[in-house]
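Spelled out from the first residue to the last, the chains are:
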Amino acid sequence: MHAYRTHNCAALSKGNVGETVRLSGWVHRKRDHGGVLFVDLRDHYGLTQIVADEDSPALPILDGLRLESVVTIDGEVKARAEGTVNPNLPTGEIEVFARAVTVQSTADELPLIVNSAEDYPEETRLKYRFVDLRRERVHNNIVLRSNVIASLRRRMIDQGFTEFQTPILAASSPEGARDYIVPSRLHPGTFYALPQAPQMFKQLLMVAGFDRYFQIAPCFRDEDLRADRSPEFYQLDFEMSFVTQEDVFNAIEPVLAGVFEEFSGGKSVTPAGSFPRIPYAEAMLKYGSDKPDLRNPLIISDVSDHFQQSGFGLFEKIVGTGGVVRAIPAPGTHEKSRKFFDDMNDWARKEGFAGLGYVTRKGGEFGGPIAKNHGPDNMAKIYAELGLGENDGLFFAAGKQGDAVKLAGAARTRVGEELGLIPDDRFEFCWIVDFPMFEYDEEAKKIDFSHNPFSMPQGEMEALETQDPLDIKAWQYDIVCNGYELSSGAIRNHRPDIMYKAFELAGYTREDVDSNFSGMIEAFKLGAPPHGGSAPGIDRIVMLLADEPNIREVIAFPLNQRAQDLMMGAPSAVSARQLRDVHIRTIEPPKQEKPATED
RNA sequence: GCGGGUGUAGCUCAGUUGGUUAGAGUAUCGGCCUGUCACGCCGAGGGUCGCGGGUUCAAGUCCCGUCACUCGCGCCA
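Residues numbered from 1 in each chain as written. Chains lettered and ligands numbered in written order. Predicted model: local features only at pLDDT ≥ 70, side-chain atom pairs only at ≥ 80, totals over all residues. Heavy atoms only, no water.

(A) View of the overall build of chain A. Of regular secondary structure, chain A possesses 18 helices and 24 strands. C-alpha extents for chain A along the principal axes are approximately 90 × 75 × 65 Å. Among the 599 residues that make up chain A, the fraction classed as buried is 47%. Entry remark: accessible area of chain A is about 30100 Å², with carbon and sulfur atoms responsible for 49%. Side-chain charges of chain A comprise 65 positive and 90 negative groups, with the mean position of each set lying 3 Å from the other. (Helix = DSSP H or I, 4+ residues; strand = E, 2+ residues; numbered from the N terminus. Buried < 20%, exposed > 50% of the residue type's maximum accessible area, 1.4 Å probe, protein only. Areas by Shrake-Rupley, 256 points an atom, 1.4 Å probe, with all protein chains shown as cover. Lys, Arg positive; Asp, Glu negative; His and termini not counted. Charge placed at Lys NZ, Arg CZ, Asp CG, Glu CD.)

(B) Expanded view of the nonpolar core. Membership of the largest hydrophobic core comes to 65 residues, with the highest contact counts inside it found for Val-148, Leu-236, Ile-252, Phe-260 and Phe-429. Within the second largest apolar cluster, 21 residues are counted, among which are Val-27, Val-39, Leu-41 and Ala-58. (Core = buried A, V, L, I, M, F, W, Y, C linked by side-chain atoms within 4.5 Å.)

(C) Expanded view of helix α14 (residues 496–505). By the criterion of burial, α14 is predominantly enclosed, with 7 of the 10 residues buried. Buried within α14 are the following residues: Pro-496, Ile-498, Met-499, Tyr-500, Lys-501, Ala-502 and Phe-503. Tucked into the core, α14 has its buried residues touching β20 (438–441), β21 (446–449), α13 (460–466), α15 (510–516) and α16 (518–524). Looking at the residues trailing α14, positive phi occurs at Gly-507, about 90°. (Contact = heavy atoms within 4.5 Å.)

(D) A look at the protein's contact with RNA strand B. Around RNA strand B sit 47 residues, and of these Arg-29, Asp-32, Thr-84, Glu-118 and His-451 come closest. Counting only the atoms of RNA strand B within 4 Å of the protein, the fraction contributed by sugar and phosphate is 57%. One nitrogen or oxygen atom from the side chain of Arg-66 is found 2.9 Å from a phosphate oxygen belonging to RNA strand B. Between RNA strand B and Asn-550, the relevant distance is 2.5 Å, taken from a phosphate oxygen to a side-chain nitrogen or oxygen of the residue. Those elements giving two or more residues to the surface near RNA strand B turn out to be β1 (20–32), β2 (36–42), α2 (122–127) and β23 (484–491). It is β1 that contributes the most residues to the surface near RNA strand B, 4 residues altogether. Among the residues forming the surface near RNA strand B, the class breakdown is 9 nonpolar, 15 polar and 23 charged. (Near = heavy atom within 4 Å. Polar contact = N/O pair within 3.5 Å; in protein donor to acceptor, adjacent residues only side chain to side chain. Nonpolar A, V, L, I, M, F, W, Y, C, P; charged D, E, K, R; others polar.)

(E) Spatial organisation of the sheet that holds strand β16 (residues 365–367). If you walk across this open sheet you meet the 5 strands as β13-β14-β17-β15-β16, and the pairing is antiparallel. Two strands lie at the open edges of the sheet, namely β13 (301–302) and β16, each paired on one side alone. Alignment of strand β15 (residues 357–362) against β16, held across 3 bridges, turns out to be antiparallel. Considered in β16, the bridge of Arg-361 is made with Phe-366. Its contacts with the sheet place helix α9 (residues 338–350) against β15 and β17 (393–399), and it is angled at close to 165° to β15. Those strands touched by helix α12 (residues 401–418) are β14 (324–330) and β17, and its axis lies near 5° from that of β14. (Pairing = 2+ DSSP bridges. Axes fitted to C-alpha atoms, helices over the stretch in contact; angles between N-to-C directions.)

(F) Examining the packing of aromatic side chains more closely. In total, this model carries 27 aromatic pairs according to the counting rule given. Considering the side-chain rings of Tyr-358 and Phe-395, the 6.4 Å spacing of their centres and the 65° angle between planes classify their relative orientation as edge-to-face. Taken together, the residues Tyr-358 in strand β15 and Phe-395 in strand β17 connect sequence positions 37 residues apart. For the pair formed by Tyr-358 and Phe-395, the shared burial category is buried. (Phe/Tyr/Trp six-rings, centres within 6.5 Å; stacked < 30°, edge-to-face > 60°.)

(G) Representation of the pairing of β20. Relative to β21, β20 runs antiparallel, the two being bridged by 4 bridges. Its bridge partner lying in β21, Tyr-440 is registered against Ile-447.

(H) Looking closely at the pattern of salt bridges. One pass over the full model with this rule turns up 40 salt bridges. Its salt-bridge partner being Asp-74, residue Arg-22 comes within 2.6 Å of it at the nearest N-O pair. Of the two residues, Arg-22 is situated in strand β1 and Asp-74 in strand β4 (residues 70–79); the sequence distance between them amounts to 52 residues. This pair shows no difference in class: Arg-22 is buried, exactly as Asp-74 is. Of the charged contacts in the structure, one is a salt bridge between Arg-495 and Asp-497, with a shortest N-O distance of 2.9 Å. The class for Arg-495 is partly exposed, based on a relative accessible area of 31%. What emerges from the salt-bridge pattern is a single network uniting Arg-125, Arg-129, Asp-132, Arg-135, Arg-137, Glu-548 and Glu-553. (Salt bridge = Lys/Arg side-chain N within 4 Å of Asp/Glu carboxyl O.)

(I) Fine view of the environment of Tyr-280. Inspection of the secondary structure assignment puts Tyr-280 in helix α7 (residues 280–286). A sequence separation of 11 residues divides Tyr-280 from Lys-291, and the C-alpha atoms of the two residues are 9.4 Å apart. With residues near it in sequence (within four places) discarded, Tyr-280 still touches Asp-290, Ile-432, Val-433, Asp-434, Phe-435 and Pro-436.

(J) Expanded view of the sheet that holds β2. Strand order in this closed barrel of 5 strands is β1-β2-β3-β5-β4, and the pairing throughout is mixed. Pairwise comparison of adjacent strand axes, ignoring direction, gives a mean angle of 55° for this sheet. Where β1 and β4 come together, 7 bridges link them in antiparallel fashion. Among the inter-strand pairings, Leu-23 is bridged to a residue of β4, identified as Ile-73.

(K) Up close: the pairing of β23. Here strand β22 (residues 476–481) runs beside β23; their pairing, made up of 6 bridges, is antiparallel. Bridge pairing in β23 links Tyr-477 to Gly-489. Taking the residues between adjacent antiparallel strands as the criterion, β22 and β23 are bridged by 2 residues, where Asn-482 takes a positive phi near 50°. Where β23 and strand β24 (residues 531–534) come together, 3 bridges link them in antiparallel fashion. Residue pairing across strands places Gly-489 opposite Ser-534, the latter belonging to β24.

(L) View of the state of the cysteines. Under the definition given, this model contains 0 disulfides. Not part of a disulfide, Cys-219 finds its nearest cysteine sulfur in Cys-481, a span of 20 Å. A relative accessible area of 0% means that Cys-219 is categorised as buried. Counting only cysteine sulfurs, Cys-430 is the nearest neighbor of Cys-481, a cysteine outside any disulfide, at a range of 8.6 Å. (Disulfide = S-S within 2.5 Å.)

Structure, rendered in structure tokens:
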């Protein structure tokens, strides 16, 4: 007989009755009735009820064990008597009568309880992550993650993509996020950088003629965290040669739609081939965001023209000085109290905006200060234009265009949530396309790249030479699902002449390009195919599929919000010897475990 | 860097306009219990009310500061 088990804890059923078996697992739960003891034995696969009565030598041993101790049970499979079958348990028709027990590992008092869905402080959960990971929810999330990655890999390979690995110790690049850096021992004063993404390497693989690349790629960015952002994360990174934007879309839509359909648990998914394509400018107008949640039915409208001449002086002044007024419908709010509208305004002010105006409407009757000053006839014109009914309220975000767009977008989300308009039974995908190539940098008072500088401008060289740079669009696109940016990609600029010209418009010389991006620009001078790709974020995909609000719920060993590993103690001070080896001297002494008493 | 929220038993939380010995559930420990499956019953131990200062006759409660965790902004694709 195997040393530890003949079956796992989900394997036994009525067909095994009478067999002598050996099971190993954790003591999930105990029910002690004095003369008879029930133990739910748990492993990765499931639960099996173990029974020990006064005839069993296992009784006193199991009785004395704390939960989460690990045991091996030798016993006999018995059918449960009628009335004692547990229909909620896959193994609920049988139980194992314990003849003997071997204690493999005893558990001390636990910092968190495995057999409970109770919420624990993240600090506790992360410090004892190995215990937390035994709990059903996170355990399932991590399994889901593995299955999603396996499915993605299979789908990519089936489409003729080839999987590669690229360096982790790479060169720092001047643009983009802050790099995690690694000091070089052999070359004093120099550093590697962990890749923010394998961007250049995948493009070089295209130059190398591999045609279709993909990788489950680890990426590192030393920036502050969010609920959906971890400093280390994974992307389904892919790149294709001799493709247009259309080809990239056609390649990845079936992969994403397929994997979502496979794991969505019955939620509807935008079918491959029908992801809506929304130009960036339209997204900013209608949704106030470049990552719109299309489940939210509310559409923002520009109503600036209506306030050019208005009794409502504030809006008239804003429009008159180049600002805009955006309207966010609040359908069916005739029953809502004044507090609902005032609370929205308070919320907007708390978010740092000047305020959120509103008009109420009950049975056709307008209410609120804006309606009063602007006049019911003029309000009716706006309502007619927006197609609003006689019981619909309307919020207004007014100000400089950037501020108004942002407020309108946030208000759209908030109104949608408050009114319960966002269905949670679907995954709605879209592409955001036609991102601007350049933008005006208010701080630096100059034109700069608004996205990735290596994207091909639409219209290529001719556009760069003849158009206002701020009007030029890029072959740059994002995939958005339910308000989360899942992926960013582009058709790349593989032409050195266009590259130099694009950088020139952003104020960089040929020498700047040559010195900062020498590897890539050299490669493009030695025969580079047109190419493009994208990189869907795997953690966010799993997060959406697991219906988790936080990315750390789908990472086995995540860093906390301040980028620390509470279990292993990273980051940590290193020895003077280690520092000397890599030619580093720290300026501030590393924080000691027990700091000297202050105050 | 900035703003919001939270911080009371190992854990989840309650704690009145400031008032006398800070509670419950759960976990732990002890006892009882032969059919439970979130078993049940009895009992016990367990508290720097995050930390520091202040106001007050009196602070878990009010004020100031600070720390930790978290959410958001900045930042970041």
